[in-house]
Amino acid sequence: MTPDDDASPLLTWTEEGEPRSGRFGDVYFSRDDGLAETRAVFLEGCGLPDAWMGRDHFTVAELGFGTGLNIAALLHLWRRTRPEGGRLHIFSIEGYPLTAAEAARALGAWPELAEATEALIANWPAATPGFHRVDLPGFDAVLDVAVGDAAWALEQWSGAADAWFLDGFSPALNPGMWSPEVMALIAERSAPGARLATFTVAGAVRRGLAGQGFVVEKRPGHGRKRERLEARLPSVFEPSPPPRVAVIGAGVAGASVVRALEAQGLRAVVFEGERPGAGGSGFPAALVTPRLDAGDHGIAALHAQALERAGDLYAAIPGAVTGDGVLQLPQAPRDAARFEKIARQPIWNADDMGVLDEGAASAVAGEATGQGGLLMKGAFALRPAAVLSNWLSDAEMRSERVTRLERADGRWRLIGENDAVLGEVDAVVLAAGWGSAALMDGFDQTPRLSPVRGQADWIDGDVTIHPMAWGGYAVPTGQGVLFGATHDRADTDTAPREADSARNLATLEARLPELAKRIAAAGPVQNRAAVRATTPDRLPVAGALDDGLYVLGGLGSRGFCVGPLLGEHIAALILDQPSPLPRDLAARVSPRRSSVLADALASSSPTRAG
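Keep in mind it's a predicted model, so treat the numbers as computed, not measured.

Mapped onto the fold, R228 is located in strand 11 (residues 227-232). Exposure remark for R228: the relative accessible area of 11% places this residue in the buried category. Distance from R228 to A197, taken between C-alpha atoms, is 7.9 Å for residues 31 residues apart in sequence. With residues up to four places along the chain from it excluded, the contact list for R228 reads A40, V41, G45, T198, F199, V201, E217, K218, R219, P220 and G221. Within the local environment of R228, its side chain forms a polar contact with the backbone oxygen of P220, the two atoms lying 3.0 Å apart. Separated by 2.8 Å, the side chains of R228 and E230 make a polar contact.

Below, the structure is given as structure tokens:
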């Protein structure tokens, strides 16, 4: 999506303290009875709270996020009346976002919503184009806000709403929000028995909803408005039992899926033949950086969204983040111009990317760099062990190696050594890095994964650095510095090599000689090698391979950046819940995309692997 040059709502305030959109020439709400109107029109209009009683999950979609008033009122009601164990998913669309400060001023008119308001403001979504997921602590709720055009956002959303709040500015002032295309998309994105409420009774809206199969009724309006609309689909929602899910692999990919499932109330069983972090996730530190792309908007948008989500989730883990901001130094002469172009991409917040001259870059690096650089302020250094420990702490762990899978009686049978049956589940997630390739062998139409061996070195000692990357990298571990790494394709030997340690030190000396001296003086160097999995187009694979069979892999060196977001995508597919990924980005990581499918199929049978 290409954003408008000016996405400001042109906010002003009336003498009565009401927020007003200069872009649409209308107030967001009446200060006198805005909350009462929200409750009457949207909450009562959608039959809440009765509609969510007895439900494990309930999804509300809204056209017109605005000040967040409807969502604050919804959260206030949900907290008081939610069913035991219930989880609320909210999807809202906004073309011209307010700032958190503007929303706080507007919502301050209703102290009774203080807890919900504070949760919203503390987690206020970014205003950059695209999808933004935020958690709402204490409410068992998650909010996805799509910043952009309503038709685009509905096309991209994978959810199915149980209730709709149609709260755009009036059809006369904002016709794009009420177009026939939007009405059709609302119907397509509705769950059986969905309810819909809106303040407008415009004939075009009534006819549009009726034409999409809704039963539409006028109701008495609120305050000075004589009438409002309620609508419903005549179908009936039927609950389904939660699936039993197995995750194979306990690195960042598997842990991300486990965390996402647990956030939706489902405890997975994890099969790990060695130990958590035995593969590429087992180094003492990792860089969480996006793949920068100045030409492919999809690649850039995917990694911007992933970095934003990873930052929010890792920040909640005590001791996980070991350094904020990553200095990217040039690898080629063209990088200076490339950095300028990347920093101007609309996917980043104004202060996310800073282009530094040589002096500023040298000040960050702690020694002369000879060139400028790109300071990625939202990127950071991470301690993987803290993440794996936190996200796997409540999982059912099985220290057994799965060697193949069998489909039997509508379930997946996990087979181990000596043909032992380790378990039967409804869904399996392959998240074993390079090990997933063997488990996919024999299936029809599987993605190609290639091994890449990487060795990194580190020292424990009093050496303080800023996270940096340049082809090589230097990362604070919290106890010292990790540096490296080698990158050897088609090599699966994980025994450390002295020659590779020498290569890593040479890479460091060539770019940061003073740091190399400090590391040499700090004490003994330790090392480790692991095998990462990559794909032909260097993008991850995240999605369904077969009925109840999913893969999250090919993460390469970006696992700790993309893993959390893609783990939520996999969990959403398993549970038939809304994904945080727009559909076009989900297609870019699909294991069925043509760029990663295997050239030759070992077998046409979908019933075995190994």
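Let us look at the UniProt feature "domain: FAD dependent oxidoreductase" (unreviewed entry) in the protein. Within this structure's numbering, the places UniProt gives as "domain: FAD dependent oxidoreductase" (unreviewed entry) are residues 244-573. Its end C-alpha atoms 14 Å apart, residues 244-573 is made of 30% helix and 30% strand.

Glancing now at the domain arrangement of the protein. We note that the domain assignment places domain 1 (11-232) and domain 2 (250-284 + 383-441 + 538-604) within the protein. Regarding the contact of domain 1 and domain 2, the summed buried area is about 1,200 Å², with carbon and sulfur atoms giving 45% of it. Considering only the surface of domain 1 that becomes buried against domain 2, H57, R133 and Q156 emerge as the three largest contributors, covering 41% of it. Taken together, domain 1 and domain 2 are joined by one salt bridge. Put simply, E568 and R133 hold a salt bridge, and the shortest N to O gap is 3.8 Å. Our count for the domain 1 to domain 2 interface comes out at eight residue pairs in polar contact (both at pLDDT 80 or more). At the level of elements, strand 4 (57-63), strand 5 (87-94), strand 6 (130-136) and helix 5 (150-156) are the ones that each hand at least two residues to the side of domain 1 that touches domain 2. Along the lines of polarity and charge, the residues of the side of domain 1 that touches domain 2 split into two nonpolar, six polar and five charged.

With seven of seven residues buried, strand 4 is to be regarded as a mostly interior element. Both faces of strand 4 are covered, namely the face carrying H57, T59, A61 and L63 and the face carrying F58, V60 and E62. Inspection of the sheet shows strand 4 paired to strand 5 by seven bridges, in the parallel sense. Opposite L63, over in strand 5, you have I93 as the bridge partner. After leaving strand 4, the chain enters helix 2 (residues 69-81) and then returns to the sheet as strand 5, a path that is right-handed. Relative to strand 8 (residues 161-166), strand 4 is paired through four bridges, and the arrangement is parallel.

By the secondary structure assignment, V288 is in strand 14 (residues 286-288). Separated by 42 residues in sequence, V288 and A246 have C-alpha atoms that sit 27 Å apart. Among residues more than four places away in sequence, those in contact with V288 are L307, A310, Y314, A379, F380, L382, F560 and C561.

Rules behind the numbers
Residues numbered from 1 in each chain as written. Predicted model: local features only at pLDDT ≥ 70, side-chain atom pairs only at ≥ 80, totals over all residues. Heavy atoms only, no water. Helix = DSSP H or I, 4+ residues; strand = E, 2+ residues; numbered from the N terminus. Buried < 20%, exposed > 50% of the residue type's maximum accessible area, 1.4 Å probe, protein only. Contact = heavy atoms within 4.5 Å. Polar contact = N/O pair within 3.5 Å; in protein donor to acceptor, adjacent residues only side chain to side chain. UniProt positions renumbered as here; feature names shortened; annotations may be inferred. Domains from an automatic or database assignment. Buried area = accessible area lost by both parts, 1.4 Å probe. Salt bridge = Lys/Arg side-chain N within 4 Å of Asp/Glu carboxyl O. Nonpolar A, V, L, I, M, F, W, Y, C, P; charged D, E, K, R; others polar. Pairing = 2+ DSSP bridges. Right-handed = clockwise from strand over helix to strand, strands pointing away.

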